[in-house]
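Now for the letters of each chain:
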There are 2 protein chains.
Amino acid sequence: MDSCVIPLRHGGLSLVQTTDFFYPLVEDPYMMGRIACANVLSDLYAMGITECDNMLMLLSVSQKMNEKERDQVMPLMMRGFRDAAEEAGTSVTGGQTVINPWIIIGGVASVVCQPSDFIMPDSAVPGDVLVLTKPLGTQVAVNAHQWLDIPEKWNKIKLVISREEVEQAYQEAMLNMATLNRTAAALMHKFNAHAATDITGFGIIGHARNLAQQQKNDVAFVIHNLPIISKMAAISKAGGNLFGLLQGTSSETSGGLLICLPREQAARFCAEMKSSRVGLSGAVGQDGGAGDGQQAWIIGIVEKGNRCARIIDKPRIIEVPYRGSVVSAQEGSNNNASPPEVQLT
Amino acid sequence: MDSCVIPLRHGGLSLVQTTDFFYPLVEDPYMMGRIACANVLSDLYAMGITECDNMLMLLSVSQKMNEKERDQVMPLMMRGFRDAAEEAGTSVTGGQTVINPWIIIGGVASVVCQPSDFIMPDSAVPGDVLVLTKPLGTQVAVNAHQWLDIPEKWNKIKLVISREEVEQAYQEAMLNMATLNRTAAALMHKFNAHAATDITGFGIIGHARNLAQQQKNDVAFVIHNLPIISKMAAISKAGGNLFGLLQGTSSETSGGLLICLPREQAARFCAEMKSSRVGLSGAVGQDGGAGDGQQAWIIGIVEKGNRCARIIDKPRIIEVPYRGSVVSAQEGSNNNASPPEVQLT
């Protein structure tokens, strides 16, 4: 499970909590803070929990930074973290900072809830469909952006993507990583989700397998479609199957939720993700937030099987267009391309 | 405050939680794990909270260790942490491990409690006395132990202490750091403590000042006695007032609680610390634990004043004897010297 659930001594309540910390992977400290916060909260959202009672922030300041760098970078990172927490309707009270060779940012999210507040991720049934709420490819996008300055790396991929597109893909990845999975968590209840997990370090196939293993019923997950940030599949191919993106092994940071939904509910789930706020207070970010709703995709089916997961031989790659620069996202513009048609092949 | 207290949406309950992580400071990985756990829990104990609903363990494995070193060191550290959590009547469910240049160990302690479970650290009154539940000097002891192998450092202190005494002081410091402040937390309720904090990185005077500043009443804390691990005061003097131990600025790791108690209760508090287990389940450690009860000392008084704290000009140094090696502590032996007389000068 993505979070631990501790039964309490008080009337049927449970303490649900999760922690995560990692190293910066984007250059913008403010966005890094938002991403770290979204990433911690995502473990709660994967269980359909929409509220968080408290967050702790865990930081280590690099000893290699001079005082000026510290004073510029760390407050921005902390502000990003706090802003995302506020967007999530919670706050950061507590935490710790140490000095370390590397910068680390992370946190702890805790909530005390009733059994009806969370959805145990173990009740998928044959006939369900799999929905994914963010596109894949964040690792490829972040790395490609670094390769702009490394000629031997850049030469391998420059035939399939322009510098400008790399910048756009990187912005798109940042926006996606900084987006809270909170709307998806709320809609899990509305549309009777049977199980969910969030996609992070093990890639979509790793997390799909973990989720499959936890199921009570004899099920298997089969993934037909891979929604991927535009051009990242091409980069992966050009680089010789870079990170295994098309095999689903490329790690994601603060990825989407992978949700098992009753087939008849899935299309409406995706439509509401795209259109609505489901009444969550504070779900609109000031910047780097959810924009005008998030795309979600039906990517596969739940069959009868022995608790495993696989991607079909030739999955359909859904090229997810860039929504534009951070600036235009802040101005509230929407995707400038029409959404790709979504169907099971 | 040592922990954050978050009011919950459920009938008068609060979520109290704290986090702490740091770098290893003793060579024994198992003891380091115990110390890290005791150190995290200490923030709850400082608020008179005796139960913990869940702990998360935060670890970073050093990239400089080879695989064999990792496989030897990290499981021991984790076992120490888990054993101490078990001694505290809680368990470790969740956490995260990353790779880092340096080893980091720490954790998060969370509990959901009723208002009567915790004592807000703000109600000291003139006439109270200050009690300390562990001796000072852990930083000096740990450093002196490292200096056994650094001739230029060792030469400065070898006139006042033998190598064997350094070893004993180091063992004593380890045992103290690994001791839970749980008994003290329970006795805070029994003897109507008015406020408390735990002594860590800012030294006794730093934490005394922090505590004084939080008081509702016009009080000042005056410290008369400094209980210090035997010979550590001499080392500090020989080293040219090393770490400011006698000024109270030497940092402590997983130090004792500093408690404001009604004067008439303090002696009984100390007596019960020494003699009893106050019925806490699991309060007896298998090793490195509380031994046969802990010494506590009346170290000062609460006067009328402007929320400050000070140590008198010539504080009485209480030399706290070594209880013997870890082995003899495991065998249940007690202090081999009679406890020092404790009185306010």
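Residues numbered from 1 in each chain as written. Chains lettered and ligands numbered in written order. Predicted model: local features only at pLDDT ≥ 70, side-chain atom pairs only at ≥ 80, totals over all residues. Heavy atoms only, no water.

- Per an unreviewed UniProt entry, chain A carries the name selenide, water dikinase and comes from Onychostoma macrolepis.
- Heading Function (unreviewed entry) of the UniProt record for chain A holds this comment: "Synthesizes selenophosphate from selenide and ATP."
- The Catalytic activity (unreviewed entry) comment attached to chain A in UniProt states, word for word, "hydrogenselenide + ATP + H2O = selenophosphate + AMP + phosphate + 2 H(+)". (UniProt positions renumbered as here; feature names shortened; annotations may be inferred.)

### Some points on the pattern of salt bridges
Consideration 1: Using the criterion set out here, one finds 18 salt bridges over all chains in the structure.
Consideration 2: For Lys231 of chain A, the salt bridge is made with Glu165 of chain A, and the minimal N-O distance between the two is 3.4 Å. Placement of Lys231 of chain A in the loop between β8 (219-229) and α8 (232-238) and of Glu165 of chain A in helix α5 (residues 163-178) is noted, with a sequence separation of 66 residues between them.
Consideration 3: The exposure class of Glu165 of chain A is partly exposed, given its relative accessible area of 21%.
Consideration 4: Note that Arg34 of chain B is salt-bridged to Glu87 of chain B, the shortest N-O span being 2.2 Å. Here Glu87 of chain B lies in helix α2 (residues 67-87) and Arg34 of chain B lies in helix α1 (residues 29-45), a separation of 53 residues in the sequence. Of the two residues, Arg34 of chain B and Glu87 of chain B, both sit in the buried class. (Salt bridge = Lys/Arg side-chain N within 4 Å of Asp/Glu carboxyl O. Helix = DSSP H or I, 4+ residues; strand = E, 2+ residues; numbered from the N terminus. Buried < 20%, exposed > 50% of the residue type's maximum accessible area, 1.4 Å probe, protein only.)

### Here we look at the relation of the copies chain A and chain B
Consideration 1: It takes a turn of 180° to lay chain A on chain B, together with a shift of 0.0 Å along the axis; the resulting RMSD is 0.0 Å. Here the two chains are linked by the operation of a two-fold rotation axis. Using C-alpha coordinates, one finds that chain A approaches the rotation axis most closely at Pro101 of chain A, a distance of 3.3 Å.
Consideration 2: Comparing interface residues between copies, 100% of those in chain A also lie at the interface in chain B; the contact surface is shared. (Least-squares fit on C-alpha atoms with pLDDT ≥ 70 in both. Contact = heavy atoms within 4.5 Å.)

### What about the interface of chain A and chain B?
Consideration 1: Listed as interface residues are 35 residues of chain A and, on the opposing side, 35 residues of chain B.
Consideration 2: Counting the surface lost from both chain A and chain B, the interface buries some 3,000 Å², and carbon and sulfur atoms represent 64% of this.
Consideration 3: Put simply, chain A and chain B have two salt bridges between them.
Consideration 4: Here chain A and chain B share 19 residue pairs in polar contact (both at pLDDT 80 or more) between them.
Consideration 5: Contributing elements (two or more residues each) for the side of chain A that touches chain B: β1 (4-7), β2 (14-22), β3 (54-62), β4 (92-100) and β5 (104-113) of chain A.
Consideration 6: Tallied by class, the residues present in the side of chain A that touches chain B amount to 19 nonpolar, twelve polar and four charged. (Buried area = accessible area lost by both parts, 1.4 Å probe. Polar contact = N/O pair within 3.5 Å; in protein donor to acceptor, adjacent residues only side chain to side chain. Nonpolar A, V, L, I, M, F, W, Y, C, P; charged D, E, K, R; others polar.)

### A short note on a negative patch on the surface
Residues and elements named next belong to chain B.
Consideration 1: Negative charge collects at one region of the surface, where Glu27, Asp28, Asp149, Glu164 and Glu167 lie side by side.
Consideration 2: Its place among the elements puts Glu167 in helix α5 (residues 163-178).
Consideration 3: On the basis of relative accessibility, which here comes to 34%, the residue Glu167 falls in the partly exposed class. (Patch = residues over 30% accessible without salt bridge, like charges linked within 9 Å, V, L, I, M, F, W, Y side chains within 5 Å. Areas by Shrake-Rupley, 256 points an atom, 1.4 Å probe, with all protein chains shown as cover. Lys, Arg positive; Asp, Glu negative; His and termini not counted. Charge placed at Lys NZ, Arg CZ, Asp CG, Glu CD.)

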